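Observations on the model geometry
Each chain is listed here by its residues.
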Amino acid sequence: MQIGFLLIYLSLFLFVGRPTESMCMARPFVLSVGFSLVIGLLLAKTFRLYRLFHSAAIRTKNRSGISDQTVFLHGSSIVAVNLLICIIWAGVDPPKPKELFIAEGRTNMVCMGQGADAAISAVLIAYNVILIVCGVALGFLTRNIQARFNESKSIGLAMYNLTALAAIGLPLLYATGSDLNLTFSVLGVLIIIGSFLLKASCSAPKSGPSSNPRKTLVPMAAQATAKSC
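All values reported here derive from a predicted model rather than from experimental measurement. Residue positions are given per chain, counting from 1 as you read along its sequence in written order. Whole-chain, interface and lining totals are the exception, using all residues; otherwise, since this is a predicted model, local features are given only for residues with pLDDT of at least 70 and side-chain atom pairs are given and counted only at 80 or more. Side-chain numbers here rest on the full set of heavy atoms in the structure, without hydrogens or water.

What about the overall build of the chain?
Helical segments are the DSSP runs of H or I of at least four residues, strand segments are the runs of E of at least two, and each set is numbered from the N terminus. The helix and strand tally for the chain stands at eight helices and two strands. Taken from N to C terminus, the helices and strands of the chain fall in the order α-α-α-α-β-β-α-α-α-α. The rule is simple: take the accessible area with a 1.4 Å probe, protein chains only, and divide by the maximum for that residue type; under 20% is buried, over 50% is exposed, in between is partly exposed. Buried positions account for 39% of the 229 residues belonging to the chain.

Topic: the nonpolar core
We call a set of buried Ala, Val, Leu, Ile, Met, Phe, Trp, Tyr and Cys residues a nonpolar core when their side-chain atoms join them within 4.5 Å. Counting residues in each nonpolar core, the largest one holds 29 residues, and the members touching the most others are I39, L43, M159, L162 and L198. Mapped onto this core, the elements with two or more residues apiece are α1 (2-11), α2 (21-54), α4 (68-92), α5 (116-141), α6 (151-175) and α7 (180-203).

Here's the deal with α4
Its 25 residues give α4 an end-to-end C-alpha distance of 36 Å, which sits within 8% of 36 Å, the value for a rise of 1.5 Å per residue. For α4, the complete set of buried residues consists of V71, G75, I78, V79, N82, I85, C86 and W89. Here a helix's expected span is defined as the number of its residues, less one, multiplied by 1.5 Å.

Side note on the side chain of S36
If you trace the backbone, S36 turns up in helix α2. Contacts are assigned to residue pairs that have any heavy atoms within 4.5 Å of one another. Other than its neighbours up to four places away in sequence, S36 contacts L41, I78, V79 and N82.

A closer look at the state of the cysteines
Pairs of cysteine sulfur atoms within 2.5 Å are identified as disulfides in what follows. Going through the model one piece at a time under the given rule, you end up with one disulfide. Note on cysteine connectivity: C24 is disulfide-linked to C111, with sulfurs 1.9 Å apart. Taking the sign of the S-S torsion, -75 degrees for the link of C24 and C111, the bridge is left-handed. Residue C24 is found in helix α2, and its partner C111 is found in strand β2 (residues 106-112); the two are separated by 87 residues along the sequence.

Remarks on the environment of R143
Mapped onto the fold, R143 is located in the loop between α5 and α6. Taking the relative accessible area as the measure of exposure, R143 reaches 36% and is therefore partly exposed. Separated by 93 residues in sequence, R143 and Y50 place their C-alpha atoms 9.6 Å apart.

Worth remembering: the numbers are spatial, not functional.
Take a look at the structure:
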């Protein structure tokens, strides 16, 4: 997960200076992969809590739970989809540095494709917005589990804040148009605040002992389900 945060922060440096072909293509790769590394693991962990406390498997006394390997597989799948979209983008219509006319005697160097890049970037953004929405839903569904597993509440709160941030920031980002300085400022604020919210959710204190979660979660989930029946 720390690698994901590192990639998110490093992506800011790709927007500094005169863009090159490699910088233009690296921007979506680094930012989207970094984001999905972080949010993918958070979603997978929250989904494990949801399955343990709400799934039919518990009601049928299937005590196997979800292993750490399965959590890793779920998180990796989320990253793989982001990576696949970026690879398709690079193969179909890779963004390249182009001189964009702004006003008389004024131009900006921007990263642009031949036209298909706008649609692919929209798909990439939509996919990551869906991930945030899924995080909000999982945070809501796991809001009432035992206090000792209150990490889901912190994750849910971070997802709520990210949803509000995306709703405000994405329109602003597109509204900046060809003003590169304003675009970089808005993007920087979005990345810094969004990363802070995610980092805060990962660092939130958990109540209760932190012993082996697989030995503790499943029996407690089964007990909670039995009481509700």
